[in-house]
Amino acid sequence: MRTMLIKAFPDIAAAIRAGGRASRKGGINKALIEIGGITVINRTLAIIEPLFGEIIAAGWPSGDPLPSSVIAVQDNYPGIGPLAGIEAALRASRTQALFVFGGDMPWLSADIIKKQADYYLKNPSDILVARSEGLPEPLHSIYGKAIHQALVRYIEEGGSPAIIAFYKFTDTRFFELPQTEETRRALTNINRPADLKS
């Protein structure tokens, strides 16, 4: 008999936004960089697979390896960065909300993710953005499926590719994170070799 695993948040999908190429690592997809012998993408999946039933990799480079359980989608509006990945993942998702993560964030915290998702479900909004020390993190945020058409219009009308510029057209709220070491690590992305030691 096949065992069905119950996910913690069946009404929310997860999207991993491909984090670009690491020029100092020979141009490798940042999500495929190994830390302690484990790739960033596998570290991320170990955290989010028990929580979300649908996982999408947005803007994942064609030809790069990806577990079969993950749905790869390409940007419909290439050249505008992560905003295009959010649009593509919202378009592909079957759920009413999408928790978006950066593909170059190796130390995500399951506890922080659970608290943010719980808050979103209890306090619905168009977008719920993680924020620490006054700084928003658009790639640790939840986006409601209902914003998709507004996002498409915004992109097609030439809106700024900065994700935060889109927020003013939606009901965006912030999930305040405490100034702790757990928060710092969870929101760290890989931009420099020193970041691998965080």
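Anything mentioned here points back to the structure above.
Right, let's walk through the structure included here. Numbering of residues begins from 1 in every chain and follows the order in which that chain's sequence is written. The model is predicted, so local features are restricted to residues of pLDDT at least 70 and side-chain atom pairs to those at 80 or more, both for listing and for counting; the totals for chains, interfaces and linings are taken over all residues. The basis for every side-chain value is the complete set of non-hydrogen atoms in the structure, without hydrogens or water.

## Quick look at the overall build of the protein chain
No. 1: Numbering of helices and strands starts at the N terminus; helices are DSSP runs of H or I of at least 4 residues and strands are runs of E of at least 2. When you go through the protein chain residue by residue, the secondary structure sums to six helices and eleven strands.
No. 2: A simple rule labels every residue: compare its accessible area, found with a 1.4 Å probe on the protein chains alone, to the largest value its type can have, and call it buried under 20%, exposed over 50%, or partly exposed in between. Within the protein chain, buried positions represent 49% of all 198 residues.
No. 3: Taking all contacts inside the protein chain whose residues are at least 6 apart in sequence as the whole, residues at least 24 apart take part in 70%.
No. 4: Split by element, the accessible area of the protein chain, about 9,800 Å² in all, is 53% carbon and sulfur. Throughout, a residue-residue contact means that at least one pair of heavy atoms, one from each residue, lies within 4.5 Å. Reported accessibility uses the Shrake-Rupley method at a 1.4 Å probe radius. Residues are deemed covered only where the shown protein chains occlude them.

## Section: the pattern of salt bridges
No. 1: Counted as salt bridges are all cases of a side-chain nitrogen of Lys or Arg within 4 Å of a carboxyl oxygen of Asp or Glu. Scanning all chains against the criterion turns up eight salt bridges.
No. 2: The salt bridge partner of arginine 94 is glutamate 54, with a shortest N-O separation of 3.4 Å. You can see arginine 94 sitting in the loop between α2 (82–92) and β8 (97–102) and its partner glutamate 54 sitting in the loop between α1 (40–48) and β6 (55–58), a full 40 residues away along the chain.
No. 3: A salt bridge links arginine 184 to glutamate 181, with the nearest nitrogen and oxygen atoms 2.6 Å apart. Taken together, the residues span about one helical turn, with arginine 184 and glutamate 181 both in helix α6 (residues 181–186) at a distance of three residues.
No. 4: Under the relative-accessibility criterion, arginine 184 is labelled partly exposed at 39%.

## Description of the nonpolar core
No. 1: By size, the foremost hydrophobic cluster in this structure holds 32 residues, and its most contacted members are Ile12, Ile48, Phe52, Phe99, Phe101 and Ile113.
No. 2: Of all the secondary-structure elements, those providing two or more residues to this core are β1 (12–17), α1, β6, β8, α3 (110–122) and β9 (127–132).
No. 3: If we skip the residues at most four places from it in the chain, phenylalanine 99 touches Ile12, Ala13, Ala14, Ala15, Phe52, Ile113, Gln116, Ala117, His140, Ser141 and Ile142.
No. 4: Residue types Ala, Val, Leu, Ile, Met, Phe, Trp, Tyr and Cys, when buried and joined through side-chain atoms within 4.5 Å, form a set referred to as a nonpolar core. Ranked by size, the runner-up nonpolar core spans 26 residues in total, among them Leu83, Ala89, Val100 and Ile147.

## Looking at the packing of aromatic side chains
To describe a pair of aromatic rings, you give the distance between the ring centres and the angle between the ring planes.
No. 1: Aromatic rings from Phe, Tyr and Trp, taking only the six-membered ring of Trp, are treated as a pair when their centres fall within 6.5 Å; an angle between ring planes under 30 degrees marks them as stacked, one over 60 as edge-to-face, and anything in between as tilted. Counting across every chain of the model gives seven aromatic pairs.
No. 2: With centroids separated by 5.5 Å and ring planes inclined at 55°, the aromatic side chains of tyrosine 119 and phenylalanine 175 adopt a geometry described as tilted. A residue pair is termed long-range when its members are at least 10 positions apart, and tyrosine 119 in helix α3 and phenylalanine 175 in strand β11 (residues 172–176) qualify at 56 residues.
No. 3: Taking relative accessible area as the criterion, tyrosine 119 reaches 33% and is therefore assigned partly exposed.
No. 4: By relative accessible area, phenylalanine 175 is classed as buried at 12%.
No. 5: Both rings, one in tyrosine 154 and one in phenylalanine 169, keep their centres 5.6 Å apart while their planes meet at 55°; by these two values the pair is tilted. Here tyrosine 154, found in helix α4 (residues 148–156), pairs with phenylalanine 169, found in the loop between α5 (163–166) and β11; they are 15 residues apart in sequence, far enough to count as distant.
No. 6: Taking relative accessible area as the criterion, tyrosine 154 reaches 8% and is therefore assigned buried.
No. 7: For phenylalanine 169, a relative accessible area of 53% gives the class exposed.
No. 8: Note on geometry: a ring has a charge over it if NZ (lysine) or CZ (arginine) is within 6 Å of the ring centre and within 35 degrees of the ring normal. The ring of phenylalanine 174 has arginine 131 sitting right over it, with the charged end atom 4.0 Å from the ring centre.

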